[in-house]
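Residue strings, one per chain:
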Amino acid sequence: HTRCARWSRGLGDVYKRQECNRKFKSTNQSHSCVMKSADEHFVRKEANVRATYDALVKKLKSGIDFEIHPVINAIMFTTDVTFLAIKPKNEWIDLEFLLDYEVNEFPIHKVVKATITRYAHFVRIQKPKEVDNQLIEWIKEAYKLNSEKI
């Protein structure tokens, strides 16, 4: 992680890191500027991992507008800020997203109070069929919530 020296102010309350072209809600937010392609995240992973990722991207793109920013340890889905982090593993994908309420039902396996108003939700999926309507709805809620201007 690095503290960035060069920031530019974008629209609203969004700041852009000039070196890595990523957007954040505050300056000097700790992050890595090391970029990695999405394809690199799937090298030596089981085929179902890539197929699951592709199914997720396809379903999300049919309903919302976002950018994909692969970084060294994850693939970030962003609007003005990140609303979903994907971490491909050898046999599955870990997903992380924030909501303003706590959900304790499958396939969510962990919830952590991230801030006074946000809960981080952790999901593990292995197959394209696990990218179901309920999961997509939670991610769309995270998209809307994290796209709001603070």
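Reading guide: rules and limits
Residues numbered from 1 in each chain as written. Predicted model: local features only at pLDDT ≥ 70, side-chain atom pairs only at ≥ 80, totals over all residues. Heavy atoms only, no water. Helix = DSSP H or I, 4+ residues; strand = E, 2+ residues; numbered from the N terminus. Buried < 20%, exposed > 50% of the residue type's maximum accessible area, 1.4 Å probe, protein only. Contact = heavy atoms within 4.5 Å. Areas by Shrake-Rupley, 256 points an atom, 1.4 Å probe, with all protein chains shown as cover. pLDDT = per-residue confidence, 0-100. Polar contact = N/O pair within 3.5 Å; in protein donor to acceptor, adjacent residues only side chain to side chain.

Novice: How do you make sense of the overall build of the protein when you look at a structure like this?
Specialist: What the protein contains, in helices and strands, is two helices and nine strands. Here the protein, with 150 residues, has 41% of them falling under the buried criterion. A sequence separation of at least 24 residues applies to 49% of the contacts in the protein between residues at least 6 apart. Taken as a whole, the protein presents about 8500 Å² of accessible surface, with 49% of it coming from carbon and sulfur.

Novice: Explanation requested: the confidence of the model for the protein in the structure shown.
Specialist: Caution applies to low-pLDDT regions: their predicted coordinates should not be interpreted in detail. This prediction gives the protein a mean pLDDT of 80; 74% of its residues lie at or above 70. Segment residues 1-17 is flagged for pLDDT under 50; beyond a separation of four residues in sequence, or across chains, it makes 56 contacts in the model.

Novice: Sorry, what's going on with the environment of Asn 48 here?
Specialist: Along the polypeptide, Asn 48 turns up in helix 1 (residues 47-61). Take Asn 48: its relative accessible area is 22%, and that puts it in the partly exposed class. Aside from chain neighbours lying at most four places away, what touches Asn 48 is Glu 91, Gln 126 and Pro 128. There is a polar contact of 3.4 Å between the side chain of Asn 48 and the backbone oxygen of Glu 91.

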